[in-house]
Amino acid sequence: MSNPLNAAPPPAAASLTLVVRTMLMAIPLITIVLYFVLVTDGLGPFPALWAPAVVVAAAAAAYALAELIGFRAVPLEHGGRPADVESDAWRRFTASTFVRFAICEAVFLLSIPIAFVVNSYWVVLVGAVLAIPLVAYEVLPSRRNQQRFAASLEARGVPSYLLGRPQDFTRPQD
């Protein structure tokens, strides 16, 4: 029997990872574009402390919100074919992933209007520096995120197969 940690990820996980990484790339791209809009002569002085503090507070709130509600799900009902249960689990996990992405990306999106109010590119940089790792940690379909969501789905004792099915972890007999 092979180690489940070494098993290849399901196709749904690979697809979702690609989508999340593509959406994540919007943050650095928008940051680069805003450089040409907000920067006139160097990066300029650091803005008043309230502006980056609002972005940091938003990042803390987004992290807490993603942790509290981002991994909740209605537990699976007994019955159904394993393939259908697995498909339903991945559908729910994908929906949850997009909710967590919206919560985490809001940190960066909030930094943009604040940057225009204080006329400082530094606020956009702070928003990007906080949002990128937040999205990577909370949104990418990592083993941690799959296990947390699977625990919520399996609260009634029904296996979700979100982490794979038993036959995915066994080697065929030679």
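Treat the numbers as computed from the prediction; the structure is a model and nothing was measured. (Residues numbered from 1 in each chain as written. Predicted model: local features only at pLDDT ≥ 70, side-chain atom pairs only at ≥ 80, totals over all residues. Heavy atoms only, no water.)

What to know about the layout of surface pockets
At step 1: The volume enclosed by the second largest pocket comes to roughly 170 Å³.
At step 2: Along the walls of the second largest pocket sit 14 residues, with Leu 38, Leu 43, Gly 44, Asn 119 and Ser 120 positioned nearest its centre.
At step 3: Among the residues making up the lining of the second largest pocket, the classes are represented as eight nonpolar, five polar and one charged. (1 Å grid on protein atoms, 1.4 Å probe; cavity = no way out; pocket = protein on both sides within 12 Å on 5 of 7 lines; lining within 4 Å. Points joined across faces, edges and corners; volume = space filled by probe spheres on them. Nonpolar A, V, L, I, M, F, W, Y, C, P; charged D, E, K, R; others polar.)

Observations concerning the pattern of salt bridges
At step 1: Across all of its chains, the model carries seven salt bridges by this definition.
At step 2: Here Arg 144 ties to Glu 67 by a salt bridge, and the two come within 2.4 Å at their closest N and O atoms. Separated by 77 residues along the polypeptide, Arg 144 in helix α6 (residues 143–153) and Glu 67 in helix α3 (residues 50–69) bring together distant segments of the chain.
At step 3: With a relative accessible area of 21%, Arg 144 lands in the partly exposed category.
At step 4: Across the salt bridge formed by Asp 88 and Arg 91, the nearest N and O atoms sit 2.2 Å from each other. (Salt bridge = Lys/Arg side-chain N within 4 Å of Asp/Glu carboxyl O. Helix = DSSP H or I, 4+ residues; strand = E, 2+ residues; numbered from the N terminus. Buried < 20%, exposed > 50% of the residue type's maximum accessible area, 1.4 Å probe, protein only.)

So, helix α2 (residues 26–38)
The periodicity of an α-helix, 3.6 residues per turn, causes residues three or four places apart in sequence to face the same way.
At step 1: For α2, which comprises 13 residues, the first-to-last C-alpha distance of 18 Å matches the rise-based estimate of 18 Å (1.5 Å per residue) to within 8%.
At step 2: Within α2, the full set of buried residues consists of Ile 27, Thr 31, Leu 34 and Leu 38. Angular distribution of buried residues about the axis of α2 spans 65°; they occupy a single face of the element. Facing away from the buried surface of α2 by more than 90 degrees, the exposed residues are Leu 29, Ile 32, Val 33 and Phe 36. (Expected span 1.5 Å × (residues − 1). Arc of directions from axis to C-beta.)

Considerations on the environment of Leu 18
At step 1: Relative to the helices and strands, Leu 18 resides in helix α1 (residues 11–24).
At step 2: The spacing of Leu 18 and Leu 140 is 122 residues in sequence and 9.2 Å in space, taken between C-alpha atoms.

Regarding the side chain of Ser 120
At step 1: Tracing the backbone through its elements, the reader meets Ser 120 in the loop between α4 (82–118) and α5 (121–138).
At step 2: With relative accessibility at 4%, the residue Ser 120 sits in the buried group.
At step 3: Setting aside chain neighbours within four positions, we find Ser 120 in contact with Leu 38, Pro 45, Pro 47 and Ala 115. (Contact = heavy atoms within 4.5 Å.)

Structural notes on unusual backbone geometry
At step 1: With a phi close to 55°, Asn 119 is a non-glycine residue in the positive phi region.
At step 2: With respect to the secondary-structure elements, Asn 119 resides in the loop between α4 and α5.
At step 3: Judged by its relative accessible area of 56%, Asn 119 falls in the exposed class.

With respect to the nonpolar core
At step 1: Grouped together as the largest cluster of nonpolar side chains are 43 residues, with contacts concentrated most on Ile 27, Val 107, Phe 108, Val 124, Val 135 and Leu 162.
At step 2: Every element with two or more residues in this core is listed here: α1, α2, α3, α4, α5 and α6.
At step 3: Considering each element in turn, this core owes the most residues, 12 residues, to α4.
At step 4: With residues up to four places along the chain from it excluded, the contact list for Phe 108 reads Ile 27, Ile 30, Thr 31, Val 124, Gly 127, Ala 128 and Ala 131. (Core = buried A, V, L, I, M, F, W, Y, C linked by side-chain atoms within 4.5 Å.)

A word on the packing of aromatic side chains
At step 1: Applying the stated criterion across every chain, the model contains five aromatic pairs.
At step 2: Pairing Tyr 35 with Phe 36 gives two aromatic rings, centres 5.4 Å apart and planes at 85°, and the pair type is edge-to-face.
At step 3: Judged by relative accessible area, which is 64%, Phe 36 ranks as exposed.
At step 4: Here a set of aromatic residues connected by ring pairs shows up, and it is made of Tyr 35, Phe 36 and Tyr 121. (Phe/Tyr/Trp six-rings, centres within 6.5 Å; stacked < 30°, edge-to-face > 60°.)

A word on the environment of Arg 148
At step 1: Counting through the fold element by element, Arg 148 comes out in helix α6.
At step 2: A C-alpha to C-alpha distance of 9.7 Å links Arg 148 and Gly 70, two positions 78 residues apart in sequence.
At step 3: Contact partners of Arg 148, with chain neighbours within four places excluded, come to Glu 67 and Phe 71.

Considering the packing of α1 against α4
At step 1: Remark: α1 packs on α4, axes separated minimally by 11 Å, with the N-to-C direction vectors making an angle of 15°. The angle between α1 and α4 places the two elements in the roughly parallel class. The interaxial crossing formed by α1 with α4 has right-handed handedness. Only Trp 90, Phe 93, Thr 94, Thr 97, Phe 98 and Phe 101 of α4 make contact with α1, whose side of the interface consists of Ala 12, Ala 13, Leu 16, Val 19, Val 20, Met 23 and Leu 24.
At step 2: Considered class by class, the residues forming the contact of α1 with α4 number 11 nonpolar, two polar and no charged. (Axes fitted to C-alpha atoms, helices over the stretch in contact; angles between N-to-C directions. Parallel < 35°, antiparallel > 145°, perpendicular 65-115°, else oblique. Left-handed = near helix turned anticlockwise from the far one by under 90°.)

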